[in-house]
Amino acid sequence: MKRSGPLFTLLAGLLLALFMLSLNVTSGTRSTSTGSESSGDVVSASPTPTASPPSGKASASPSPSPSKTAVPNADYAGRTDDDSSAVAVTLRDGKAVAYFCDGKDQESWLKGDVEADGSMRLTGRNGNVLTGELKGKRIRGTVDMGQREYGFTADKAVKPSGLYRATATVRGAEVDGGWIVLPSGRQVGILNRAGKPGPAPRIDPETGTVTVDGQQLTAKPVTP
């Protein structure tokens, strides 16, 4: 029994040494594994670059509203529905000037703006009003002369058709004449001598020349 005591002690020490050795090996393995996982965590935890805002946001600012389509510049001339008078309208850069004339003693000069849709309301002296609308190559509307309203249709006119006017002093009197040259070549006009209206003499549509009381004048195309 005395001899087996030291032997048991030696075996116990050997087993303890083997246990400690295996414990160190296991701890090293876990440390290595933990270290690799931590390293992986660090890599995956690196900050992700901030995404730039979608390009759509840059273009999200409101675009300017489309501009209105301008009514084309042109001249129009025609007759009233009852064929008693003529009407001419000249359009330039969104503005309009018109002339109503019966070729005897009734006339009216009117002016105003033209809307993008071709509608217009032109006004003249004595409360006269022309209301019209441009559709295609013609203007359809009415002229209110106070005591009477006239419907009219004016088709697009090609020179020398259109609207003409001449103002001058002839033999000491102020002369003011207006002429409408229709597409058919027919002319309708009134000449005022010192404020007294009457039928206007014929003009030369090619040159605009007209003779008034022996004096030659030049009628020019009317623009707003």
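Residues numbered from 1 in each chain as written. Predicted model: local features only at pLDDT ≥ 70, side-chain atom pairs only at ≥ 80, totals over all residues. Heavy atoms only, no water.

Moving on, we come to the overall build of the protein. Helix and strand counts for the protein stand at two helices and 15 strands. Across the 224 residues in the protein, those meeting the buried criterion constitute 33%. Of the contacts made within the protein by residues no fewer than 6 positions apart, 39% connect residues no fewer than 24 positions apart. Entry remark: accessible area of the protein is about 14,400 Å², with carbon and sulfur atoms responsible for 55%. (Helix = DSSP H or I, 4+ residues; strand = E, 2+ residues; numbered from the N terminus. Buried < 20%, exposed > 50% of the residue type's maximum accessible area, 1.4 Å probe, protein only. Contact = heavy atoms within 4.5 Å. Areas by Shrake-Rupley, 256 points an atom, 1.4 Å probe, with all protein chains shown as cover.)

Here we take up the confidence of the model for the protein. The predicted coordinates should not be examined in detail at positions where pLDDT is low. Taken residue by residue, the protein gives an average pLDDT of 82. The fraction at 70 or more is 69%. Within the model, pLDDT remains below 50 along residues 28-51, and this stretch shows zero contacts once partners closer than five positions in the same chain are excluded. Here residues 56-60 is a poorly scored stretch, pLDDT under 50, and it has zero contacts once near neighbours within four places are set aside; other chains count. (pLDDT = per-residue confidence, 0-100.)

Further remarks concern the pattern of salt bridges. Taken as a whole, this structure holds nine salt bridges when the rule is applied. Note that Asp75 is salt-bridged to Arg92, the shortest N-O span being 3.3 Å. One end of the pair, Asp75, is in strand β1 (residues 74-80); the other, Arg92, is in strand β2 (residues 86-92), with 17 residues separating them in the sequence. You can call Arg92 partly exposed: its relative accessible area is 25%. One salt-bridge network, held together by shared partners, links Asp75, Arg92 and Lys159. (Salt bridge = Lys/Arg side-chain N within 4 Å of Asp/Glu carboxyl O.)

Before going further, it helps to examine the nonpolar core. One finds Val89, Leu91, Met120 and Leu130 to be the most contacted residues of the largest nonpolar core, which totals 21 residues. Elements with a minimum of two residues in this core: β1, β2, β3 (95-101), β5 (119-124), β6 (129-135), β7 (138-144) and β8 (149-157). Setting aside residues no more than four positions away along its own chain, Leu130 makes contact with Val87, Val89, Ala98, Leu110, Met120, Arg121, Leu122, Thr142, Val143 and Phe152. (Core = buried A, V, L, I, M, F, W, Y, C linked by side-chain atoms within 4.5 Å.)

With that settled, consider the sheet that holds β7. With antiparallel pairing, eight strands are arranged side by side around a closed barrel as β1-β2-β3-β4-β5-β6-β7-β8. The average undirected angle you get between the axes of adjacent strands in this sheet is 25°. Alignment of β1 against β8, held across six bridges, turns out to be antiparallel. Looking at β8, one finds that Asp75 is bridged to Ala157. (Pairing = 2+ DSSP bridges. Axes fitted to C-alpha atoms, helices over the stretch in contact; angles between N-to-C directions.)

All told, the structure shown has two aromatic pairs when counted by the stated rule. Relative to Trp109, the ring of Tyr99 lies with its centre 4.1 Å away and its plane at 25°, an arrangement referred to as stacked. Placement of Tyr99 in strand β3 and of Trp109 in strand β4 (residues 107-113) is noted, with a sequence separation of 10 residues between them. Like Trp109, Tyr99 is buried. We note Lys159 situated over the ring of Tyr164; from NZ or CZ to the ring centre the distance is 5.4 Å. (Phe/Tyr/Trp six-rings, centres within 6.5 Å; stacked < 30°, edge-to-face > 60°. Lys NZ or Arg CZ within 6 Å of the ring centre and 35° of its normal.)

Strand order across the open sheet formed by five strands is β12-β11-β10-β9-β15, with antiparallel pairing between neighbours. The sheet is open, and its two edges are formed by β12 (196-199) and β15 (220-221), each paired on a single side. Bridge count for strand β9 (residues 162-170) against strand β10 (residues 173-181) is nine bridges, and the pairing is antiparallel. Across the sheet, residue Ala166 finds its bridge partner in β10, namely Gly177.

With that out of the way, let us pick up the pairing of β8. Two elements, β7 and β8, share seven bridges in a ladder whose sense is antiparallel. Note on β8: the bridge partner recorded for Thr142 is Gly151. Following β7, the chain reverses through four residues before pairing antiparallel with β8; Gly146 in that reversal takes a positive phi of roughly 95°.

Below, the discussion takes up the pairing of β5. Consecutive side chains along a regular strand alternate between the two faces of the sheet. With two bridges joining them, β4 and β5 adopt antiparallel strand pairing. For Lys111, the partnering residue across the bridge sits in β5 and is Thr123. Between β4 and the antiparallel strand that follows it, β5, lie five residues; Gly118 among them carries a positive phi value of about 90°. In terms of strand pairing, β5 meets β6 through five bridges, oriented antiparallel. Pairing of Arg121 across the sheet is with Thr131, part of β6.

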